[in-house]
Amino acid sequence: MKLIQTLIIISCLFGPSMVKGQNNNGLIENLWQIGLGLGELPTGGSFKPSIAVGYHFTDKIYAGLIYQVKDRIERDDSSFNAKSSRLDGLLSSSESVAQRFLAQVRYTPIKYGPYLSGGFVYNGKDTETMLFDSRNREISNENYSGNLEIQQTRPAGWGVALGIGYQYNFKNGFSTGFEWTPAWGQYPEPQYEFFGAASLSEVAQQELTDRMNKRFRRNVTNMYKVFHLGIAYRFQ
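Because the structure is predicted, anything quoted here is derived from the model rather than measured. (Residues numbered from 1 in each chain as written. Predicted model: local features only at pLDDT ≥ 70, side-chain atom pairs only at ≥ 80, totals over all residues. Heavy atoms only, no water.)

Caption draft 1: Region of the structure containing the packing of aromatic side chains. Evaluation of the coordinates by the stated rule reveals eight aromatic pairs. Aromatic side chains W32 and Y55 sit 4.8 Å apart centroid to centroid with 65° between the ring planes, which places their arrangement in the edge-to-face category. Residue W32 is located in strand β1 (residues 31-38), and its partner Y55 is located in strand β2 (residues 49-56); the two are separated by 23 residues in the primary sequence. Judged by its relative accessible area of 43%, W32 falls in the partly exposed class. Members of the aromatic cluster, connected to one another through ring pairs, are W32, Y55 and F57. (Phe/Tyr/Trp six-rings, centres within 6.5 Å; stacked < 30°, edge-to-face > 60°. Helix = DSSP H or I, 4+ residues; strand = E, 2+ residues; numbered from the N terminus. Buried < 20%, exposed > 50% of the residue type's maximum accessible area, 1.4 Å probe, protein only.)

Right, dumping it as structure tokens:
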């Protein structure tokens, strides 16, 4: 609701001097666009607010920027990385998600159809903390007791990205849409730290690292990427 209210205020303040939705030729070209959105689905207490700004050169060509602020996500049982450790007794899993940035060009080949998004994406450093309960465990043929905490860090980085999205344009200048633009195949190398009463040997730590790294590259969400769900307003 706050996103909608903000865009309504923008349209009320500037609307009288703007050509809304279309230019004088009735086309969505030579128009600016500003929008607000979410970088995560609003589940687990995460929203990751974002702002987007760009320019419609033609009905088919748009260039713009998306910036997403940092956020914190409670992943718990939905954590793919925690499951990849193959350890039982997960108590909690939370992720500190850094800022995201995308400089893009969109191409919409068919009117009212989806668009292709290409450009450069940057992701800051993300850290997921996984806490496992106190119990007896066998790791790499070694026995351990006590709780265990794993911190998995994905370093900051950037990549050449290509994705897909869809934007529905209303005639009054508003629009709504979503997109997913990842840097395909460009996986960072995660780093690990181990804490807790179960003081793991280097052999056990390497065993868990190998397990988690093996599945890390099977999860497309671990690539550098931008997911954006939002609303926007077009004007001259």
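Caption draft 2: The pairing of strand β8 (residues 126-139), seen in detail. Across six bridges, strand β5 (residues 90-97) lies against β8 in antiparallel orientation. Within β8, the residue paired with L90 across the bridge is F132. Sheet topology note: the β8/strand β9 (residues 142-154) ladder contains twelve bridges and is antiparallel. Bridging across to β9, T127 finds its partner in T153. (Pairing = 2+ DSSP bridges.)

By themselves, these figures tell us nothing about what the structure is for.
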